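Architecture and fold: a report
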Amino acid sequence: MATPPPYLDPNYPNPFFQASSRLPEDTVFYSIYPDNSFSQDSLQSLHLQILNSISPFTSSYIWQHEPFTLTISFHPFPHLHGLLRFGDNLNDEWFTVFLLFQISISFPSLSINVHDSDGEFLLIESAYHLPRWLNPENSQNRAFIRRGKLHIIPKRSFPNPTLAESLNFLIENEQIALAPDSVQSVIQSRIAGYPEKAKLNTHTVRVRVPISVARVLKHAPSLISLAVEGFYDRDIDSMKHAAKMERFLKGGKEEEMVAVAVKMSRAMYAQLMQQKFQAPKCYPMPNKTDMEAELGMKIACGFEMMYQEKRKEGEEGKGVGWKTYKDSLEKSGYFKGLIPGSKEYKRLMENAEGYYKNSSLFSKTSEMLNAPVRQIDEILSLLYSDDDFKSQDIPPSDDDSWLYSGEDELNSALEDRQKEMELYELKRKKKKKSKEQQDTGPSSSSKGEDFDLSDLVKTMQGFIHKISSYEGAEVPEDRDPKEVELDVERFMKDMESVIKCRGDEDVAVDVDDEECSSDMDFDESEDESDISDHNEDGEDSFVHSYSDAMNAELKNTTLKKSFIHANEQSVKNEGTSNATEDMDEEFTPVDVDVNLVKNLLDSFSSQQGLPGPTSNLLGLMGVQLPKDDNKGK
């Protein structure tokens, strides 16, 4: 006996009821949770009551792909759920949101969650008004519709809530979870105008179609969505059916054509209008350009392609369920990396198909895919009269100027979004300014006048003289300042000996290396009297030589202009070289305190009120400079 493929084995969970890692695009998902645990009979009753309550809004509405539906589920607990693919028609998604709000008003004991392939799109829509702690990472199981209002589970109650925790919290603390008024206003403005807005989204057009198509549209006008979808999503295989027109054009070019008024969404009309399509050879088209005939041809071909593809998928049962099942087999390694089309691959595929067709899912999928096919067959089997269509008074097509004036609507939407962004930035700046005023005090100007710059100098000097450790510039507790000591006099003499040694090497290369190396011996056991034998004036000579060389190099630069010098020149020390005396007038002593204050104030002013190195450093030392109110005046 052949081994069953993975996931059809009873020991494996069913892949068709597992959440997909990637949600379908352009699809909205919704779940309705009753406050109390319902039995199956109670859920079925609630299901019918909900559909009856929204039927006045949906009875005449043309959906882009599929109507609003609900399904009973008991996992993880009894509830109703559904999904709706809106495709290019975004109005379907917001009309669904409107219906969910209406359901929450009619049934107050329900909590409703809705999201799409982008996530919690209600929160995305009101992003500028949400609490700062709310983000996509912690928004799961947090947003619900209840009693016509949006509710958000607070983070302080549940940092990462489960579905059960959120639903229980809503029942017991509904008012606490109520979203802010600004968020409610954004959502309500988005669904304002429905259901009238949904009716405005429809477009009625006059077309000429084969009488078989006219009969289907008369009894099931909602099938126009499947016909447009079949035409818009056509491929090479489905176009082969349009070339023959076996179901809707049995009479060939002799088939009778009638004029009918077809109601569809504006998105459907745009999809039909924007695509060029050559009529099949068997299709009767007038010699002159006729928009009614061209649109009718596209609709008829769409019906043919949709009908034949649905019938084929129904017979094979290979709809979305089969695709999900096949993907699960590939991920589990069932095909062992074999090349598609190979002998072994085909054998494994036939084995998988055999088990799939014997599963209960196959019959359900076939029934679902065959539903529109059976409906069309039943309609075309009914008796009819040609007079039913010839005697009709067909109104003219609706004005389609909206199709070419979308730029104004787009600009209006962009302007509204821009205003929302500007309002958000304005509120944020006001909040920031108010916080700064609280931090700086009510009278920053008077505080600036009383600010003593000498305190800044003293604070900075105190900071510089503090002892630093590996932990940063701070005064460690219980630390002995004498723990680290440096004999400056000895260090300078040792450095001088190194430089003198290298100087001797330049003059006499034949000096023994050991003589130089002995000068670098810092052994503490060495008698200090050996070092004191050097010339006593060596230290002064080294410092003065170094100073002369540095001053000579800096003389031709603009470095002196970057400092503020003291008004009085310092007294010259004895033993100063001639080169230093010549530059005394140019290199007068620098006032360190004044330069320190000036540089700090310049750096603080360049921050323009924003965080920066100066404000951060002074803030750590407890110094807060006043705002520069005179800047830019």
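Above: the structure in question.
Residues numbered from 1 in each chain as written. Predicted model: local features only at pLDDT ≥ 70, side-chain atom pairs only at ≥ 80, totals over all residues. Heavy atoms only, no water.

Observations regarding the overall build of the chain
Looking only at helices and strands, the chain features 24 helices and ten strands. Taken across its 633 residues, the chain has 35% of its residues classed as buried. Counted over contacts in the chain with a minimum sequence separation of 6, partners at least 24 positions apart contribute 76%. Within the structure as shown, the chain displays about 39700 Å² of accessible surface, and the carbon and sulfur contribution to it stands at 50%. (Helix = DSSP H or I, 4+ residues; strand = E, 2+ residues; numbered from the N terminus. Buried < 20%, exposed > 50% of the residue type's maximum accessible area, 1.4 Å probe, protein only. Contact = heavy atoms within 4.5 Å. Areas by Shrake-Rupley, 256 points an atom, 1.4 Å probe, with all protein chains shown as cover.)

Focus on the pairing of strand β3 (residues 79-85)
In this sheet, β3 lies alongside strand β1 (residues 27-34) in antiparallel orientation, the contact comprising six bridges. In the strand pairing of β3, Ser31 is matched with His81. By the bridge criterion, three bridges tie strand β2 (residues 71-73) to β3 in an arrangement that is antiparallel. Opposite Ser73, over in β3, you have His79 as the bridge partner. Linking β2 to β3, which pair antiparallel, is a turn of five residues. (Pairing = 2+ DSSP bridges.)

Observations regarding empty space enclosed by the protein
What the rule picks out here adds up to two cavities of 30 Å³ or more. Empty space within the second largest cavity amounts to approximately 30 Å³. The wall of the second largest cavity is formed by Ile112, Asn113, Val114, Glu120, Leu122, Ala143, Phe144, Ile145 and Leu150. Its residues assigned to classes, the lining of the second largest cavity comprises seven nonpolar, one polar and one charged. (1 Å grid on protein atoms, 1.4 Å probe; cavity = no way out; pocket = protein on both sides within 12 Å on 5 of 7 lines; lining within 4 Å. Points joined across faces, edges and corners; volume = space filled by probe spheres on them. Nonpolar A, V, L, I, M, F, W, Y, C, P; charged D, E, K, R; others polar.)

Points about the pattern of salt bridges
Tallied over the entire structure, the rule returns ten salt bridges. For Asp35, the salt bridge is made with Arg146, and the minimal N-O distance between the two is 2.7 Å. With Asp35 in the loop between β1 and α1 (40-58) and Arg146 in strand β5 (residues 143-146), the pair connects residues that are 111 residues apart, well separated along the chain. When its relative accessible area of 23% is taken as the criterion, Asp35 is described as partly exposed. Residues Lys298 and Glu294 are paired through a salt bridge, measuring 3.7 Å at the closest nitrogen-oxygen approach. In this pair, Lys298 and Glu294 are both assigned in helix α11 (residues 291-316), four residues apart and thus about one turn of the helix distant. The two residues Lys298 and Glu294 agree in class, both being buried. (Salt bridge = Lys/Arg side-chain N within 4 Å of Asp/Glu carboxyl O.)

Here's the deal with the pairing of strand β8 (residues 257-265)
With seven of nine residues buried, β8 is to be regarded as a mostly interior element. By the bridge criterion, nine bridges tie strand β7 (residues 202-210) to β8 in an arrangement that is antiparallel. Paired with Thr204 across the bridge in β8 is Lys263.

Comments concerning the nonpolar core
Counting 45 residues, the largest nonpolar core has Phe248, Met264 and Phe303 as its most contacted members. Contributions of two or more residues to this core are made by β7, α7 (211-219), α8 (224-232), β8, α10 (266-274), α11 and α14 (360-380). Tallying contributions element by element places α11 first for this core, with nine residues. Sequence-distant contacts of Phe248, that is, excluding residues within four places in its chain, are made with Pro210, Ser212, Val213, Val216, Phe303, Glu304, Tyr307, Ile376 and Leu380. Listed in part, the 41 residues of the second largest apolar core include Leu80, Leu84, Phe107 and Ile145. (Core = buried A, V, L, I, M, F, W, Y, C linked by side-chain atoms within 4.5 Å.)

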